Amino acid sequence: MRAGERAYRELRADIVSWRLVPGQVLGEVDLSERLGISRTPVREALSRLTADGLTEPHNGRGVVVSALSADDVRALYELRDTLDCRAAELAAQRGDPETFRTLADELSHAAERLSDDPDHPAYYELVDRMDEQIDAAAGNPYLQQALENVRLHLARVRRLATSDPQRLAAAAAEHEAIARAIAHGDAPLAVATTRVHLKNALSKALGSPALAVACPEAS
């Protein structure tokens, strides 16, 4: 893997997981020493992160991790409502019922495993797999491309709820309802269940103490 690509992936993962927090300065010299690479690939990685919206210019020199305010989260979910609901609707019309029945069955047991690991990797892997199957079933590459950028920022917001197994258990049930609606080919129900999930997820994210700590104005 090229040094610039490796730096980009490592820094992106650190931002999404909150190991690098909003407002934290990302200096080329420090990062090149930490990653063991020259400043050129670090500069390339930072440029890509800025294009993604995960970092932003800082006082004309260098970059900082982008803020994540309540307004940012609301705007993200406004876009999700349009994109996710349409994707679920298309998946219900075009998808393989058995694929989504299997996902629904897996999600019905997801809550039982949430206490196994505080970071819940198995749960998030299952949710990511469901997203991939919805994308594939929807069969619209332009919609998929738009969703990829949204999900990059969503992964960051998701971390605000990581410490709340009760919310994650409720989210698993919501995802199960979406999967079953798609499996039944019920497009209106797929849209409705998706919208319920998005409303609950937004409410949880806005009420997270982590959001208030990262951006005091959010509270």
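Up top is the structure these notes are about.
Residues numbered from 1 in each chain as written. Predicted model: local features only at pLDDT ≥ 70, side-chain atom pairs only at ≥ 80, totals over all residues. Heavy atoms only, no water.

Enquirer: Explanation requested: the packing of helix α4 (residues 70-94) against helix α7 (residues 141-158) in the structure shown.
Expert: A pair of packed helices can be characterised by two numbers: the angle between their axes and the separation between those axes. Look at α4 against α7: their axes get within 10 Å of each other, and the N-to-C directions meet at 135°. It follows that α4 is oblique to α7 by the angle criterion. For the pair α4 and α7, the sense of crossing is left-handed. Listed contacts from α7 to Val 73, Leu 76, Tyr 77, Leu 79, Arg 80, Leu 83, Asp 84, Arg 86, Ala 87 and Leu 90 of α4 are Leu 143, Ala 146, Leu 147, Val 150, His 153, Leu 154 and Val 157. Here the contact of α4 with α7 is built from residues that sort into 13 nonpolar, one polar and three charged. (Axes fitted to C-alpha atoms, helices over the stretch in contact; angles between N-to-C directions. Helix = DSSP H or I, 4+ residues; strand = E, 2+ residues; numbered from the N terminus. Parallel < 35°, antiparallel > 145°, perpendicular 65-115°, else oblique. Left-handed = near helix turned anticlockwise from the far one by under 90°. Contact = heavy atoms within 4.5 Å. Nonpolar A, V, L, I, M, F, W, Y, C, P; charged D, E, K, R; others polar.)

Enquirer: Is there a simple way to think about helix α1 (residues 3-16) in this case?
Expert: Counting along an α-helix, one turn takes 3.6 residues, and residues three or four places apart therefore face a common direction. Its 14 residues place the ends of α1 20 Å apart at the C-alpha level, agreeing with the 20 Å of an ideal helix rising 1.5 Å per residue. Every buried residue belonging to α1 is among Gly 4, Glu 5, Ala 7, Tyr 8, Leu 11, Asp 14, Ile 15 and Val 16, and all of these are buried. Trp 18, located one to two residues past α1, shows a positive phi value of around 70°. (Expected span 1.5 Å × (residues − 1). Buried < 20%, exposed > 50% of the residue type's maximum accessible area, 1.4 Å probe, protein only.)

Enquirer: I would appreciate a short explanation of the pattern of salt bridges in the present structure.
Expert: Between side chains of opposite charge, a pair can form as their charged atoms come close. Counted under the stated rule, the structure contains 20 salt bridges. Taking the shortest distance from any N to any O, the salt bridge between Glu 44 and Arg 2 comes out at 2.8 Å. With Glu 44 in helix α3 (residues 39-52) and Arg 2 in the segment before α1, the pair connects residues that are 42 residues apart, well separated along the chain. For Glu 44, a relative accessible area of 27% corresponds to the partly exposed category. Judged by relative accessible area, Arg 2 falls into the exposed class, the value being 52%. Ionic pairing is found between Glu 176 and Arg 180, a salt bridge with its closest N-O pair at 3.0 Å. Of the two residues, Glu 176 and Arg 180 are both situated in helix α8 (residues 165-183); the distance of four residues between them amounts to about one turn of the helix. Connected through salt bridges with shared partners, the residues Glu 5, Arg 9 and Arg 48 form a single ionic network. (Salt bridge = Lys/Arg side-chain N within 4 Å of Asp/Glu carboxyl O.)

From the geometry alone we can't say anything about function, so treat these as descriptive.
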